[in-house]
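Given next are the chains, with one letter for each unit.
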Amino acid sequence: MAGILGPRAIFWAFIVLATGVIYRTYIHNFIFLTLGIGREIQPIEDFPRPARKLYAACNSLDSRKGWSPGGNLYNFSARSRTDHIAVIDVDQPGSDGLYGLRQLKIGGYQDDLDLHGFDVRKIEGRLRFWLINYRPPVDHVTGEFLDALVVGANSTVEMFDLDEISNTLEHVKTVASEAIFTPNGVAVEENGLGFVITNDHNTKTGTLRDLEMLSGGGSLAYCRSDTGKCHIAADKGFSMANGIAHNKNGYYYVANSASGLITVHKLVNDELIQVESINTGYPIDNLSLDADGNLIAAAFPDSIALVKSSMDPYNVVAPATVLAIDDIANQLETYGKNVKVSKLAEDRDAKSLPSSTVAVHDAKGHKLFLAGIFSPFITICEQRLQLPMPKR
Ligand SMILES: *[C@@H]1O[C@H](CO)[C@@H](O)[C@H](O)[C@H]1NC(C)=O
Ligand SMILES: *[C@@H]1O[C@H](CO)[C@@H](O)[C@H](O)[C@H]1NC(C)=O
Ligand SMILES: *[C@@H]1O[C@H](CO)[C@@H](O)[C@H](O)[C@H]1NC(C)=O
């Protein structure tokens with residue numbers, strides 16, 4: 001016998017694990033089905049869930065406060081040389097609530113890594129990583145460091161394959177090119193061959209660089225993993241090109257931090273032509289796409305607080321906003337630049353969310369992961385089902 005109780009309205013809410021603050025955000029319909037008697041009921045082990053993982057580029061804050069060429073910080077002597085990729089098991093919080101946090105080892109690569117944006121694709125059963133690497137500049141004859149304040153960083157993209165058994169990233173190759181100039185984000189095509197880099201500025205160093213906040217700047221480099229060759233594929237209309245996400249339909253979404261625009265690009269004859277421009281109304285940093293095709297953006301509701309937080313990260317947390325454009329591919333087709341930009345979460349008083357520069361949404365597990373380049377912690381928000389109080 002199977003009966004239906006409902007449909008019932010339930011509340012979805014984000015619960016910030018750290019503090020238990022509840023955000024009542026969505027109302028959905030939900031249907032309960034009771035289980036019949038006498039059926040064979042299978043154990044949970046019959047339905048293995050893939051061990052889903054989340055990767056993050058991590059380092060110490062003191063190191064980042066010295067060497068962050070993207071943020072005009074060029075003191076490479078302050079580097080702790082401890083940059084690494086950390087991993088957590090998103091479906092297994094564990095008894096300590098740390099989600100099995102651990103570090104990947106590095107194999108076949110002798111230099112230091114100075115990490116920023118990265119992307120991951122599954123290639124022939126293995127996970128391949130494309131990591132932006134802010135190398136300090138070196139004189140290739142003497143091997144001595146050059147003055148980074150003058151010449152800037154010597155940024156490259158490092159490709160690694162993950163050996164899951166030994167938990168080791170094995171180096172595949174270094175992609176070095178003049179077109180990888182002031183890289184910030186990287187987005188890789190489905191087949192792992194083409195990838196696009198955002199350059200956030202037109203200049204590596206110097207006084208004109210700061211004016212780009214007003215005058216605009218930035219470009220997109222298109223690279224090939226097989227040949228290691230790159231070229232500038234777009235250099236007009238950017239305003240601090242920052243986060244980038246690649247959609248399966250071939251579109252690239254680029255966050256322009258200074259203008260708050262998300263520009264939409266398509267590869268045509270080796271050029272990444274701009275086909276649309278969406279105004280979010282916020283300074284925005286990184287972008288990500290979730291499994292349902294929703295675009296998620298980390299936004300700054302208070303830029304001054306963010307600057308303060310970057311200078312004193314242990315004591316100052318800036319307010320954070322997470323924006324979403326649901327099903328962006330379909331919305332773009334229907335509404336063009338008038339797609340609906342909604343707020344997924346916001347923390348005006350900086351109670352629970354970090355000074356966020358990156359937000360990732362887990363559509364299957366109903367979780368939101370927030371982190372920041374100058375944040376000493378990450379926050380995991382959980383979407384919970386809440387039954388309404390019974391009516392009397
Ligand atoms: C650079 O970092 C080193 C090591 O932390 C520090 O001793 C030095 O004072 C810094 N230099 C500048 C110019 O801030
Ligand atoms: C931006 O987000 C993407 C997608 O989650 C991630 O792969 C990348 O490392 C992030 N970059 C930065 C600089 O946070
Ligand atoms: C930049 O890095 C590449 C790749 O390691 C290297 O070949 C080149 O000599 C470096 N240039 C400078 C100025 O550091």
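Here is a short report on the structure shown in this document. (Residues numbered from 1 in each chain as written. Chains lettered and ligands numbered in written order. Predicted model: local features only at pLDDT ≥ 70, side-chain atom pairs only at ≥ 80, totals over all residues. Heavy atoms only, no water.)

## Comments concerning the sheet that holds strand S12 (residues 168-175)
Then, in step 1: Strand order in this open sheet of five strands is S8-S12-S11-S10-S9, and the pairing throughout is mixed. Only two strands of the sheet have a single neighbouring strand rather than two, namely strand S8 (105-107) and strand S9 (115-123). Here the strands of the sheet are splayed against their neighbours by 30° on average, with no regard to which way each runs.
Then, in step 2: Sheet topology note: the strand S10 (residues 126-135)/strand S11 (residues 154-163) ladder contains eight bridges and is antiparallel. Residue pairing in the sheet places Leu131 in a bridge with Glu158 of S11. (Pairing = 2+ DSSP bridges. Helix = DSSP H or I, 4+ residues; strand = E, 2+ residues; numbered from the N terminus. Axes fitted to C-alpha atoms, helices over the stretch in contact; angles between N-to-C directions.)

## A few points about the site of ligand 3
Then, in step 1: Near ligand 3 the following residues occur: Arg135, Pro137, Val138 and Asn154.
Then, in step 2: Contacts to ligand 3 include Val138, whose backbone N or O atom sits 2.8 Å from an oxygen atom.
Then, in step 3: In this structure, an oxygen atom belonging to ligand 3 sits 2.3 Å away from a side-chain N or O atom of Asn154.
Then, in step 4: Summarising the interface, the protein chains cover 56% of the accessible area of ligand 3, which totals 360 Å² for the free molecule.
Then, in step 5: Of the residues contributing to the shell around ligand 3, the split by class is two nonpolar, one polar and one charged. (Near = heavy atom within 4 Å. Polar contact = N/O pair within 3.5 Å; in protein donor to acceptor, adjacent residues only side chain to side chain. Areas by Shrake-Rupley, 256 points an atom, 1.4 Å probe, with all protein chains shown as cover. Nonpolar A, V, L, I, M, F, W, Y, C, P; charged D, E, K, R; others polar.)

## Description of empty space enclosed by the protein
Then, in step 1: The tally for this structure, following the rule as stated, stands at two cavities of 30 Å³ or more.
Then, in step 2: Each pocket or cavity is described by its volume, and for the largest cavity that value is around 100 Å³.
Then, in step 3: Pro69, Gly70, Ala153, Phe181 and Thr182 are the residues nearest the centre of the largest cavity, which is lined by 13 residues in total.
Then, in step 4: Every element with two or more residues in the lining of the second largest cavity is listed here: helix H1 (61-66), strand S4 (67-68) and S9.
Then, in step 5: Here the residues of the lining of the second largest cavity are counted per class, giving four nonpolar, four polar and four charged. (1 Å grid on protein atoms, 1.4 Å probe; cavity = no way out; pocket = protein on both sides within 12 Å on 5 of 7 lines; lining within 4 Å. Points joined across faces, edges and corners; volume = space filled by probe spheres on them.)

## Focus: the site of ligand 1
Then, in step 1: The environment of ligand 1 is formed by Asn75, Ser77 and Ala78.
Then, in step 2: At 2.4 Å, a side-chain N or O of Asn75 approaches an oxygen atom of ligand 1.

## A few points about the side chain of Ser63
Then, in step 1: Looking at the secondary structure, you find Ser63 in helix H1.
Then, in step 2: Contact partners of Ser63, with chain neighbours within four places excluded, come to Ala78, Arg79, Ser80 and Arg81. (Contact = heavy atoms within 4.5 Å.)

## Observations concerning the environment of Gln383
Then, in step 1: Tracing the sequence through the fold places Gln383 in strand S27 (residues 379-386).
Then, in step 2: Sequence separation between Gln383 and Lys367 is 16 residues, and the spatial gap between their C-alpha atoms is 5.9 Å.

## Topic: the pattern of salt bridges
Then, in step 1: Enumeration over the complete set of coordinates arrives at 16 salt bridges.
Then, in step 2: A salt bridge links Asp161 to Arg128, with the nearest nitrogen and oxygen atoms 2.7 Å apart. Separated by 33 residues along the polypeptide, Asp161 in strand S11 and Arg128 in strand S10 bring together distant segments of the chain. One exposure class covers both Asp161 and Arg128, and it is buried.
Then, in step 3: Residues Arg224 and Asp226 are paired through a salt bridge, measuring 3.6 Å at the closest nitrogen-oxygen approach.
Then, in step 4: Within the structure, one salt-bridge network assembled from shared partners comprises Arg79, Arg81, Asp112 and Asp114. (Salt bridge = Lys/Arg side-chain N within 4 Å of Asp/Glu carboxyl O. Buried < 20%, exposed > 50% of the residue type's maximum accessible area, 1.4 Å probe, protein only.)

## Here we look at helix H4 (residues 303-311)
Then, in step 1: What H4 keeps buried is the set Ala305, Leu306 and Ser309. In a view along the axis of H4, the buried residues occupy a sector of 105°, so they form one face of it. Exposed side chains of H4 directed beyond 90 degrees from the buried face belong to Ile304 and Met311.
Then, in step 2: Here H4 starts with a cap whose side-chain oxygen sits 3.3 Å from the backbone nitrogen of Ile304, and that cap is Asp302. (Arc of directions from axis to C-beta.)

## Describing the packing of aromatic side chains
Then, in step 1: In this structure the tally under the stated criterion is five aromatic pairs.
Then, in step 2: Ring centres of Tyr55 and Phe129 lie 5.1 Å apart, and the angle between their planes is 90°; this geometry places the pair in the edge-to-face category. You can see Tyr55 sitting in strand S3 (residues 53-58) and its partner Phe129 sitting in strand S10, a full 74 residues away along the chain. For the pair formed by Tyr55 and Phe129, the shared burial category is buried.
Then, in step 3: Look at Trp67 and Phe76: their rings are 5.9 Å apart centre to centre, the planes differ by 80°, and that puts the pair in the edge-to-face class.
Then, in step 4: The exposure class of Trp67 is buried, given its relative accessible area of 5%. (Phe/Tyr/Trp six-rings, centres within 6.5 Å; stacked < 30°, edge-to-face > 60°.)

## Here's the deal with helix H5 (residues 328-335)
Then, in step 1: Looking at H5, one finds that the buried residues are Ile328, Gln331 and Leu332. Taken end-on, H5 shows its buried residues confined to a sector of 100°, consistent with a single buried face. Set apart from the buried face of H5 by more than 90 degrees, the exposed residues are Glu333 and Thr334.
Then, in step 2: Buried positions along H5 lie against strand S18 (251-256), strand S19 (261-268), strand S20 (271-279), strand S21 (284-289), strand S22 (295-299) and strand S23 (320-325).
Then, in step 3: Trailing H5 by a residue or two, Gly336 shows a phi angle of about 60°, which is positive.

## Overview of the pairing of S20
Then, in step 1: Here S19 pairs with S20 via eight bridges, running antiparallel. Residue pairing for S20: Val268 is matched across the bridge by Glu271.
Then, in step 2: In this structure, the hairpin formed by S19 and S20 is closed by a connection of two residues, where Asn269 is found at a positive phi of approximately 50°.

## Section: unusual backbone geometry
Then, in step 1: Look at Tyr99: it is not a glycine, yet its phi comes out positive at around 55°.
Then, in step 2: According to the relative accessible area criterion, Tyr99 is buried, its value standing at 3%.
Then, in step 3: For Glu124, which is not glycine, the phi dihedral falls at a positive 45°.
Then, in step 4: For Glu124, the location among the structural elements is in the loop between S9 and S10.
Then, in step 5: With a relative accessible area of 81%, Glu124 lands in the exposed category.

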